[in-house]
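Architecture and fold: a report
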Amino acid sequence: MPTDQQVEAAVTAVAHPNIALIKYWGKRDERLMIPYTDSLSMTLDVYPTITTVRLSPAAPADDVRLDGAPAEGEPRQRVVDFLDLVRGMAGRGEPAVVDTRNAVPTGAGLASSASGFAALALAAAAACGLDLAPTALSRLARRGSVSAARSVFEGFVLCHAGRGAGTAADLASYAEPVPVPGFDPALVIALVNAGPKAVSSRAAMRRTVETSPLYRSWATSSGHDLFEIRAALRRGDLDAVGEVAERNALGMHATMLAARPAVRYLSPATVAVLDGVLRLRADGVSAYATMDAGPNVKVLCHQADAARVAETVRAAAPGCSVLTARRGPGSHLRAETGQ
Ligand code: 2P0
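This one's a predicted model, so the numbers in the text were calculated from it and none came from an experiment.

**What to know about the overall build of the chain**
- A count of helical and extended segments in the chain gives 9 helices and 16 strands.
- For the chain, whose C-alpha radius of gyration is 20 Å, the value lies close to the compact-globule estimate of 20 Å for 339 residues.
- Counting only C-alpha atoms and orienting by the principal axes, one finds that the chain spans roughly 65 × 40 × 40 Å.
- Relative to its 339 residues, the chain shows a buried fraction of 53%.
- Taking the contacts inside the chain whose residues are at least 6 apart along the sequence as the reference set, 77% of them involve residues at least 24 apart.
- Element-wise, carbon and sulfur atoms account for 53% of the exposed surface of the chain, whose accessible area totals about 14100 Å².
- Of the charged side chains in the chain, 35 are positive and 33 negative, and the gap between their average positions amounts to 4 Å.

What follows is the structure, encoded as structure tokens:
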């Protein structure tokens, strides 16, 4: 075991956000972070999170830094709770120094918690000497944020909601890759507002599950959507994938709008971009929109159409910043030693 004088090696992990084409919205177990429904996503090649973890036997407490500043309040607590979970699995007790850099605006509905907890899970597990298989790593990342389970893998990824309760549910809820060789679309991201959201997704999904009369029917139809999108992915049929993804996202937002009080993440600029997407389709361009817990819009299209889609989006929401992503890598360790 290390002494106070020893300095543990720093471990750095990189993870990218993912965008769900079939959304997760609602937990059946908040403590174990078990979702109600299966979800399916595309891991992106932009906006990485880079997280370094080092155990620090002599430190009085965990030291958590987010983008260079000490984390406080709930964000810090979520990281400390997660470190406790990893330390418990590894039988370790040392405080940790955690440094996280997010290339994506935090808390703006651009999946920073997905890349954040996927990177933290890998870095913290490795720093504690745990060598987890990818499935186990995705289960662990899920305990930080359900969407993080998906960022463990590259490309298209399915997250199982699983069945049962307690340990059985924990074991049954994990992500796995959905191999779709040759399907490499673009996702044009329209950042209409990069500010933090008014209602956290955690609070919003709880309110939706508890009060929206539409929730159950969305959850049921989401299961059908998943079946259809998997078949569409196997065919490499972008139009079918996009149609299902767009209706799944709009259905999720409809359930939120029916919550009491309503949760509304979509803004006038969001709707303007959605109109732009409709115009593109009327002109024969395969373009389909999805939105998460925020006003930003992600448009799925063929790579050859990405420049035209980006131009349409910019014209629809002047001032928004636009970035084109593709499918990206799963979480991985970065070869690096440090102190
Ligand atoms: C998703 N979202 O499937 C859905 C669609 C937003 C809309 O996962 O409470 O940060 O940490 O599990 O994962 C955003 O919620 O929430 C999310 P927690 P998370 O990508």
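**Quick look at the nonpolar core**
- V53, F82, L83, V86, V98 and L120 are the most contacted members of the largest nonpolar core, which totals 33 residues.
- If you list the elements that add at least two residues to this core, you get β1 (11-15), β6 (49-55), α1 (73-90), β9 (96-102), α2 (112-127), α3 (134-144) and β10 (156-159).
- If you tally residues by element for this core, the top one is α2, at 8 residues.
- If we skip the residues at most four places from it in the chain, V98 touches T51, T52, V53, D63, V64, R65, V79, L83 and L120.
- L21, F183, V241 and L300 belong to the second largest nonpolar core, which has 28 residues in total.

**Section: the domain arrangement of the chain**
- Splitting the chain by domain gives domain 1 (4-181) and domain 2 (186-325).
- Taken together, the contacts link 31 residues of domain 1 with 43 residues of domain 2.
- Summing both partners gives a buried area of about 3100 Å² for domain 1 against domain 2, and 70% of it is carried by carbon and sulfur.
- Taken as a group, L21, K23 and W25 account for 28% of the area that domain 1 buries against domain 2, more than any other trio of residues on that side.
- At the junction of domain 1 with domain 2, the criterion picks out 2 salt bridges.
- D292 is paired through a salt bridge with K23; the nearest N and O atoms lie 2.6 Å apart.
- Inspection of the domain 1/domain 2 interface yields 7 residue pairs in polar contact (both at pLDDT 80 or more).
- At the level of elements, β2 (18-22), β5 (39-43) and β10 are the ones that each hand at least two residues to the side of domain 1 that touches domain 2.
- At 4 residues, the largest contribution of residues to the side of domain 1 that touches domain 2 is made by β2.
- For the side of domain 1 that touches domain 2, the residue count by class is 19 nonpolar, 6 polar and 6 charged.

**Remarks on the packing of aromatic side chains**
- One pass over the full model with this rule turns up 4 aromatic pairs.
- Judged by centre distance (6.0 Å) and plane angle (45°), the ring pair of Y215 and W218 falls under tilted. On the criterion of helical spacing, the pair formed by Y215 and W218 is a turn pair, its members being 3 residues apart in helix α6 (residues 215-235).
- With relative accessibility at 5%, the residue Y215 sits in the buried group.
- Here W218 falls in the buried class, since its relative accessible area comes to 4%.
- Linked through ring pairs, Y36, Y215 and W218 together constitute an aromatic cluster.

**Let's talk about the side chain of T270**
- Here T270 is to be found in helix α8 (residues 268-282).
- We classify T270 as buried; its relative accessible area is 0%.
- Among the polar contacts made by the side chain of T270, one reaches the main-chain amide nitrogen of S267 at a distance of 2.9 Å.
- Apart from the residues lying within four places of it in its own chain, the contact partners of T270 are V192, M291, P295 and V297.

**Here we look at the site of the ligand**
- The ligand sits among 18 residues. The nearest are Y24, K27, S113, S145 and S147.
- In the model, an oxygen atom of the ligand is placed 2.6 Å from a nitrogen or oxygen of the Y24 side chain.
- Here an oxygen atom of the ligand sits 2.7 Å away from a polar atom, N or O, in the side chain of S147.
- Look at the ligand: alone it shows 460 Å² of surface, and the protein chains cover 94% of it.

Conventions used here
Residues numbered from 1 in each chain as written. Predicted model: local features only at pLDDT ≥ 70, side-chain atom pairs only at ≥ 80, totals over all residues. Heavy atoms only, no water. Helix = DSSP H or I, 4+ residues; strand = E, 2+ residues; numbered from the N terminus. Rg over C-alpha atoms; globule rule 2.2 N^0.38 Å. Buried < 20%, exposed > 50% of the residue type's maximum accessible area, 1.4 Å probe, protein only. Contact = heavy atoms within 4.5 Å. Areas by Shrake-Rupley, 256 points an atom, 1.4 Å probe, with all protein chains shown as cover. Lys, Arg positive; Asp, Glu negative; His and termini not counted. Charge placed at Lys NZ, Arg CZ, Asp CG, Glu CD. Core = buried A, V, L, I, M, F, W, Y, C linked by side-chain atoms within 4.5 Å. Domains from an automatic or database assignment. Buried area = accessible area lost by both parts, 1.4 Å probe. Salt bridge = Lys/Arg side-chain N within 4 Å of Asp/Glu carboxyl O. Polar contact = N/O pair within 3.5 Å; in protein donor to acceptor, adjacent residues only side chain to side chain. Nonpolar A, V, L, I, M, F, W, Y, C, P; charged D, E, K, R; others polar. Phe/Tyr/Trp six-rings, centres within 6.5 Å; stacked < 30°, edge-to-face > 60°. Near = heavy atom within 4 Å.

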